[in-house]
Amino acid sequence: MDMYIDGTQVLMMMIIMAPFKFPEEKQETLASIMQKAKTRYLPAFEKILNDHREDFLVGNKFSWADIQLLEAILMMEERSASVLSDFPLLKSLELWRLKWCGSGRSQLDSTLFRRQLS
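Residues numbered from 1 in each chain as written. Predicted model: local features only at pLDDT ≥ 70, side-chain atom pairs only at ≥ 80, totals over all residues. Heavy atoms only, no water.

## A look at the pattern of salt bridges
Under the definition given, this model contains one salt bridge. Put simply, Lys47 and Asp51 hold a salt bridge, and the shortest N to O gap is 2.5 Å. Taken together, the positions of Lys47 and Asp51, both in helix α2 (residues 23–52) and four residues apart, correspond to about one turn of that helix. (Salt bridge = Lys/Arg side-chain N within 4 Å of Asp/Glu carboxyl O. Helix = DSSP H or I, 4+ residues; strand = E, 2+ residues; numbered from the N terminus.)

## Some words on the side chain of Thr29
Within the secondary structure, Thr29 sits in helix α2. The contacts of Thr29, once residues within four sequence positions are left out, are Ala18 and Lys21. (Contact = heavy atoms within 4.5 Å.)

## Things to note about the packing of helix α1 (residues 2–17) against helix α3 (residues 64–79)
Here α1 crosses α3 at 25 degrees, and the two axes come no closer than 9 Å. Judged on the interaxial angle alone, α3 and α1 are roughly parallel. Here α1 runs over α3; the crossing is left-handed. Contacts between α1 and α3 involve Tyr4, Ile5, Thr8, Gln9, Leu11, Met12, Ile15 and Ile16 from the former and Trp64, Ala65, Gln68, Leu69, Glu71, Ala72, Met75, Met76 and Arg79 from the latter. Classifying every residue of the contact of α1 with α3 gives 12 nonpolar, three polar and two charged. (Axes fitted to C-alpha atoms, helices over the stretch in contact; angles between N-to-C directions. Parallel < 35°, antiparallel > 145°, perpendicular 65-115°, else oblique. Left-handed = near helix turned anticlockwise from the far one by under 90°. Nonpolar A, V, L, I, M, F, W, Y, C, P; charged D, E, K, R; others polar.)

## As for a nonpolar patch on the surface
Together, Met13, Ile16, Met17 and Phe20 make up a nonpolar patch on the protein surface, roughly 430 Å² of accessible area in all. Following the sequence through the fold, Phe20 ends up in the loop between α1 and α2. On the accessibility criterion, Phe20 (66% relative accessible area) is exposed. (Patch = residues over 30% accessible without salt bridge, like charges linked within 9 Å, V, L, I, M, F, W, Y side chains within 5 Å. Areas by Shrake-Rupley, 256 points an atom, 1.4 Å probe, with all protein chains shown as cover. Buried < 20%, exposed > 50% of the residue type's maximum accessible area, 1.4 Å probe, protein only.)

Put into structure tokens, the structure is as follows:
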């Protein structure tokens, strides 16, 4: 599970740091990040879900790895709404966000969420 979390955190840090680039570098940096996401990170997570044959990255319940991946997906979708178009299993994983979070992250039922993580 740690390597899944580490992978998503590396991707998220690239996205987080992009706005701090010089203006002339920003668009190129964001394009590079999205290219890496589509050719390295997302295919790897799609393969994990395909090989695992479960709705989650680890085991058969929602874990911290899933939360991190969902956050990375949301960050990428802010840049490109179609980022998951070639990744049907990741797209279905993102539907869990809607189930757990309702229409927004602030709607999360923390009691149910804590029970599912334990």
